Amino acid sequence: MSFIEIRGLSKKYGNNTVLDNVDLNIEKGEVVAIIGPSGTGKSTLLRCLNLLEKPEKGELSVEGKKYDLTTKSSKKILELRQHTEMVFQQFNLFKNRNALDNVTEGLRIVKKIPKDTAEKIARKELDKVGMGNRLYHYPKHLSGGQQQRVAIARALALKPQLLLMDEPTSALDPELVGEVLLTIKRAAKEGNTILLVTHEMDFVRSVADRIIFLENGKIVADGKPEEIFENPENERLKLFLRNINMLRSADDYVI
Ligand code: ADP
């Protein structure tokens, strides 16, 4: 049994099959990156695991506890969301709450933790992402990189079994990407289990334990970074890597 098991996940928008019976196992502490062409279902896969989208079919097991991803029970939905916290491209902080309250609020509402304890946890998490000196800043007074670090602290404070990250650096100015990637790297080193969609291929290469290549709603390659980048077997994966300049054949160097 794996720590996280996704079975038969299928999602359509109208006639457009976006996820086609996806199965995926993730081990505790693994960092799994999903790569693939635009519009291939990467974001939808994450969103279905947090029930921001309702799939037609699918099951998620967390440490052996099974959840039907088509459930309508709000109790089950809340329970499942506690296992899978999400970090979004656009940070999604509460605009009218300072950094500390953004993190504290989640703990109070979701985990029903008393204010004092919640604040203590929040301070610790904000400290870890280098935001300990910005506790009382509102999002509009923080850079995008700082806002995303608060969002990561908020997610980690809730101790999810699976942290979902949907292009966490795509909305940032280039000079702010590094600080957020460093924060994710730290979270990975601390043993968090992470499923991440990103276009930062150098980061994926150095931090991910496994890479999944998703195409047309199916996992068509799944391997360690070196297997994916140095020795891709799948033709579509090769083409994708060539298109994003991560794979070169001898011919590419002929000018
Ligand atoms: P990716 O993250 O790989 O770029 P997405 O998961 O965002 O891809 O989208 C996969 C497909 O689903 C695309 O064809 C997209 O247009 C479609 N799609 C995504 N969200 C919706 C929606 N809310 N309604 C209709 N189609 C959608």
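So, how was this worked out
- Residues numbered from 1 in each chain as written.
- Predicted model: local features only at pLDDT ≥ 70, side-chain atom pairs only at ≥ 80, totals over all residues.
- Heavy atoms only, no water.
- Helix = DSSP H or I, 4+ residues; strand = E, 2+ residues; numbered from the N terminus.
- Rg over C-alpha atoms; globule rule 2.2 N^0.38 Å.
- Contact = heavy atoms within 4.5 Å.
- Lys, Arg positive; Asp, Glu negative; His and termini not counted.
- Charge placed at Lys NZ, Arg CZ, Asp CG, Glu CD.
- Buried < 20%, exposed > 50% of the residue type's maximum accessible area, 1.4 Å probe, protein only.
- Pairing = 2+ DSSP bridges.
- Axes fitted to C-alpha atoms, helices over the stretch in contact; angles between N-to-C directions.
- Expected span 1.5 Å × (residues − 1).
- Near = heavy atom within 4 Å.
- Polar contact = N/O pair within 3.5 Å; in protein donor to acceptor, adjacent residues only side chain to side chain.
- Areas by Shrake-Rupley, 256 points an atom, 1.4 Å probe, with all protein chains shown as cover.
- Core = buried A, V, L, I, M, F, W, Y, C linked by side-chain atoms within 4.5 Å.
- Domains from an automatic or database assignment.
- Buried area = accessible area lost by both parts, 1.4 Å probe.
- Salt bridge = Lys/Arg side-chain N within 4 Å of Asp/Glu carboxyl O.

So, the overall build of the protein chain
Item 1. Within the protein chain, the regular secondary structure consists of nine helices and 10 strands.
Item 2. The C-alpha atoms of the protein chain give 19 Å as radius of gyration, which agrees with the globular expectation for 255 residues (18 Å, within 12%).
Item 3. Each of the three principal axes of the protein chain carries a C-alpha extent, and together these read 60 × 45 × 35 Å.
Item 4. Excluding contacts between residues fewer than 6 apart, the proportion of contacts in the protein chain whose partners are at least 24 apart in sequence is 63%.
Item 5. Positive and negative charge centroids in the protein chain, built from 40 and 36 side chains respectively, lie 7 Å apart.

Let's talk about the side chain of Q148
Item 1. Note on placement: Q148 falls in helix α5 (residues 144-157).
Item 2. For Q148, a relative accessible area of 0% translates into the label buried.
Item 3. Residues in contact with Q148, not counting those within four places in the same chain, are V87, F88, Q89, F91, P168 and V180.

Focus: the sheet that holds strand β5 (residues 65-68)
Item 1. Strand order in the open sheet made by the four strands is β2-β1-β4-β5, with antiparallel pairing throughout. Because the sheet does not close on itself, it has two edges, and the strands there are β2 (16-26) and β5. The mean inter-strand angle of the sheet, taken between neighbouring strand axes irrespective of direction, is 20 degrees.
Item 2. Across seven bridges, the pairing between strand β1 (residues 4-13) and β2 is antiparallel. Of the residues in β2, the one forming a bridge with E5 is N25.
Item 3. Each of β1, β2 and β4 (57-62) is contacted by helix α1 (residues 42-49), which is oriented at about 115 degrees to β1, the strand it contacts most.
Item 4. On the sheet, helix α2 (residues 74-83) packs against β4 and β5 and is oriented at approximately 125 degrees with respect to β5.

Remarks on α5
Item 1. The end-to-end C-alpha distance of α5 is 20 Å, a good match for the 20 Å that 14 residues give at a rise of 1.5 Å each.
Item 2. Burial analysis of α5 places 14 of its 14 residues in the buried class, the great majority of the element.
Item 3. K159 sits one or two positions beyond α5 and adopts a positive phi of about 50 degrees.

Quick word on the site of the ligand
Item 1. Surrounding the ligand, one finds Y13, N16, V18, P37, S38, G39, T40, G41, K42, S43 and T44.
Item 2. Separating an oxygen atom of the ligand from a side-chain N or O atom of N16 is a distance of 3.4 Å.
Item 3. At 3.0 Å from an oxygen atom of the ligand is found a main-chain nitrogen or oxygen belonging to G41.
Item 4. Contact with the protein chains hides 58% of the accessible area of the ligand, taken as 560 Å² for the molecule alone.
Item 5. Contributing elements (two or more residues each) for the shell around the ligand: β2 and α1.

Let's talk about the nonpolar core
Item 1. Counting residues in each nonpolar core, the largest one holds 38 residues, and the members touching the most others are L126, V150, M165 and I194.
Item 2. Elements with a minimum of two residues in this core: α3 (99-111), α4 (115-128), α5, β7 (162-166), α6 (174-189), β8 (194-197) and α7 (201-207).
Item 3. Looking at which domains feed residues into this core, each of domain 1 (25-54 + 68-83 + 165-255) and domain 2 (94-159) gives three or more.
Item 4. Beyond its immediate chain neighbours, meaning those up to four positions away, V150 contacts L93, A99, N102, V103, L126, M131 and L142.

Some words on the sheet that holds strand β6 (residues 84-87)
Item 1. The six strands lie next to each other as β6-β7-β8-β3-β9-β10, forming an open sheet whose pairing is mixed. In the strand order of this sheet, the two ends are held by β6 and β10 (218-223), each with one partner. Neighbour-to-neighbour, the strand axes of the sheet open up by a mean angle of 20 degrees, direction not taken into account.
Item 2. Two elements, β6 and β7, share four bridges in a ladder whose sense is parallel.

Re the domain arrangement of the protein chain
Item 1. Partitioning the protein chain into domains gives domain 1 (25-54 + 68-83 + 165-255) and domain 2 (94-159).
Item 2. Spacing between the C-alpha centres of domain 1 and domain 2 amounts to 25 Å.
Item 3. Counting residues at the interface gives 13 residues for domain 1, matched by 12 residues for domain 2.
Item 4. Here domain 1 and domain 2 share an interface that buries about 990 Å² over both sides, 62% of which is from carbon and sulfur atoms.

Focus: the pattern of salt bridges
Item 1. In the structure shown here, the tally under the stated rule is 16 salt bridges.
Item 2. Of the charged contacts in the structure, one is a salt bridge between E79 and K65, with a shortest N-O distance of 2.6 Å. Taken together, the positions of E79 in helix α2 and K65 in strand β5 put the pair 14 residues apart, joining distant regions of the chain.
Item 3. One salt bridge connects E125 with K159, and the closest N-O pair in it is separated by 3.5 Å. In this pair, E125 is assigned in helix α4 and K159 in the loop between α5 and β7, connecting sequence segments 34 residues apart.
Item 4. For K159, a relative accessible area of 56% translates into the label exposed.
Item 5. Through salt bridges with shared partners, one network takes in E125, K128, K159 and E190.

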